[in-house]
Amino acid sequence: MSRTSINLVLNSFLLTAFATLVCCSVIVRFVFPPGPDTKGWSLRGQSYDQWATIQFAMLAILALGILIHAMLHWSWVCCVIATRLARDKKVKLDDGTQTLYGVGLLIVIINILGLAIACAALSIHGPP
């Protein structure tokens, strides 16, 4: 299978996963009643909690697909990042330097996500 075919299949999968996630999110947010009023309500045999679980599963599948997409285009990502951050735009950086720029950005993104999750975990309050 050619690289173009793999990209077509992956991008089609990502589009389908995104559309499904949007559909589930709209159902969870706008179709079901808010908060504790959802008890006893169901749509297509699924309760609110089951729809919320489907929503999270679709989010995880979409994130995995995006990760695979980034892995397939990793050299391009590193090249673009290195070109944007390089001091001398005229000098072509070698592949090792480009990879360091890409990995550095990945580390920064992971740390920001971890910090956001840690802040949420430390800031949450239970009922009074």
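Residues numbered from 1 in each chain as written. Predicted model: local features only at pLDDT ≥ 70, side-chain atom pairs only at ≥ 80, totals over all residues. Heavy atoms only, no water.

K.L.:
Give me the lowdown on the nonpolar core, citing residues and values where you can.
P.N.:
Looking at soluble globular proteins, one finds that nonpolar side chains tend to be buried together. One finds Leu10, Leu14, Ala17, Leu21, Met58 and Leu62 forming the largest nonpolar core, which totals 6 residues. The leading source of residues in this core is helix α1 (residues 3–31), at 4 residues. If you look at the next biggest cluster of nonpolar residues, it comprises 5 residues, including Cys24, Ile27, Phe32 and Trp51. (Core = buried A, V, L, I, M, F, W, Y, C linked by side-chain atoms within 4.5 Å. Buried < 20%, exposed > 50% of the residue type's maximum accessible area, 1.4 Å probe, protein only. Helix = DSSP H or I, 4+ residues; strand = E, 2+ residues; numbered from the N terminus.)

K.L.:
So what about the packing of aromatic side chains? Which residues, and what values?
P.N.:
Summed over the entire model, instances satisfying the criterion amount to 1 aromatic pair. Between Phe32 and Tyr48, the ring centres sit 5.6 Å apart and the planes meet at 80°, which makes this aromatic pair edge-to-face. Of this pair, Phe32 sits in the loop between α1 and β1 (42–43) while Tyr48 sits in helix α2 (residues 48–72); the two residues are 16 residues apart in sequence, bridging distant segments of the chain. Classification of Phe32 by relative accessible area gives buried; the value is 5%. (Phe/Tyr/Trp six-rings, centres within 6.5 Å; stacked < 30°, edge-to-face > 60°.)

K.L.:
Which residues make up α1, and what values do they have?
P.N.:
With 29 residues, α1 should reach 42 Å at 1.5 Å per residue; the first-to-last C-alpha distance of 41 Å fits that figure. Here α1 has its buried residues at Asn7, Leu10, Leu14, Ala17, Leu21, Cys24, Ile27 and Val28. Where the residues of α1 are buried, they touch β1 and α2. (Expected span 1.5 Å × (residues − 1). Contact = heavy atoms within 4.5 Å.)

K.L.:
Describe the side chain of Asn7, naming the residues involved and giving the relevant values.
P.N.:
Relative to the elements of secondary structure, Asn7 occurs in helix α1. Leaving out residues up to four positions away in the same chain, Asn7 has contacts with Leu72 and His73.

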